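One-letter residues, chain by chain:
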Amino acid sequence: EVQLVESGGGLVQAGGSLRLSCAASEITFDDYSIGWFRQAPGKEREGVACISSSDGTTYYADSVKGRFTISSDNAWNTVYLQMNSLKPEDTAVYYCATDWGIDSSTWNNQDEYDYWGQGTQVTVSS
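Residues numbered from 1 in each chain as written. Predicted model: local features only at pLDDT ≥ 70, side-chain atom pairs only at ≥ 80, totals over all residues. Heavy atoms only, no water.

**Some thoughts on the packing of aromatic side chains**
Formally: The rule is short: rings of Phe, Tyr and Trp, with Trp giving its six-membered ring, pair when the centres are within 6.5 Å, and they are stacked under 30 degrees, edge-to-face over 60, tilted in between. Runs of H or I in DSSP of at least four residues are treated as helices and runs of E of at least two as strands, each being numbered from the N terminus. To sort residues, take the accessible area from a 1.4 Å probe on protein chains only and compare it with the maximum for the residue type: under 20% means buried, over 50% means exposed, and anything in between is partly exposed. Consider the ring centre and the ring normal. A charge sits over the ring if Lys NZ or Arg CZ is within 6 Å of that centre and within 35 degrees of that normal.
Summed over all chains, the structure comprises six aromatic pairs. Note on Y95 and W116: the rings are 6.4 Å apart at their centroids and 80° apart in plane angle, and the pair reads as edge-to-face. Here Y95, found in strand β9 (residues 92-100), pairs with W116, found in strand β10 (residues 115-116); they are 21 residues apart in sequence, far enough to count as distant. For Y95, a relative accessible area of 16% corresponds to the buried category. Look at Y113 and W116: their rings are 6.2 Å apart centre to centre, the planes differ by 65°, and that puts the pair in the edge-to-face class. What links up through ring pairs into an aromatic cluster is the set F37, Y95, Y113 and W116. Sitting over the face of the ring of Y95, R45 holds its NZ or CZ atom 4.3 Å from the ring centroid. Its guanidinium or amino end placed over the ring of W116, R45 lies 4.9 Å from that ring's centre, counting from NZ or CZ.

Written out as structure tokens, the structure reads:
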């Protein structure tokens, strides 16, 4: 069974930085993507960033472009989300998710992903 475990969340002041980690195991399909999603209380879950294992292509939501960076280690054991210049509106529970066969037009659709981590809380104070 695919397992994803997020870590690295916490409390930070506006303008600060955090790095989230997603430890992945038991992924057996070849062409897969790992995405980061977030959900704040009372709001819809939204896609933040995605990286493809096949070619390393990355995708970002407009709201985080230039501030967040998604990357992986060489063995794809861990995927990271480096978050800089954090804003209060970035406050949310952040989840990593994975599945195979996700194309560029649907990377930010949560329904495309079948496997999810437990989430990690990020709180940005003003």
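**Regarding the sheet that holds strand β7 (residues 68-72)**
Here is the rule: At least two bridges found by DSSP between two strands are what make those strands a pair. The axes used here are C-alpha line fits, helices contributing only the stretch in contact, and every angle between their N-to-C directions lies in the interval 0 to 180 degrees.
One open sheet accounts for four strands, arranged β1-β3-β8-β7; its pairing is antiparallel. The sheet is open, and its two edges are formed by β1 (3-7) and β7, each paired on a single side. If you compare each strand with its neighbour and ignore which way they point, the axes differ by 15° on average. Bridge count between β7 and strand β8 (residues 78-83): five bridges; the pairing is antiparallel.

**Focus: the pairing of β8**
Of all six residues that make up β8, five are buried, and the element is covered over most of its length. Where strand β3 (residues 18-25) meets β8, six bridges bridge the pair, whose relative direction is antiparallel. Residue pairing across strands places S21 opposite Y80, the latter belonging to β8. A loop of five residues connects β7 with β8, the two strands running antiparallel in sequence, and W76 in this loop sits at a positive phi of about 60°.

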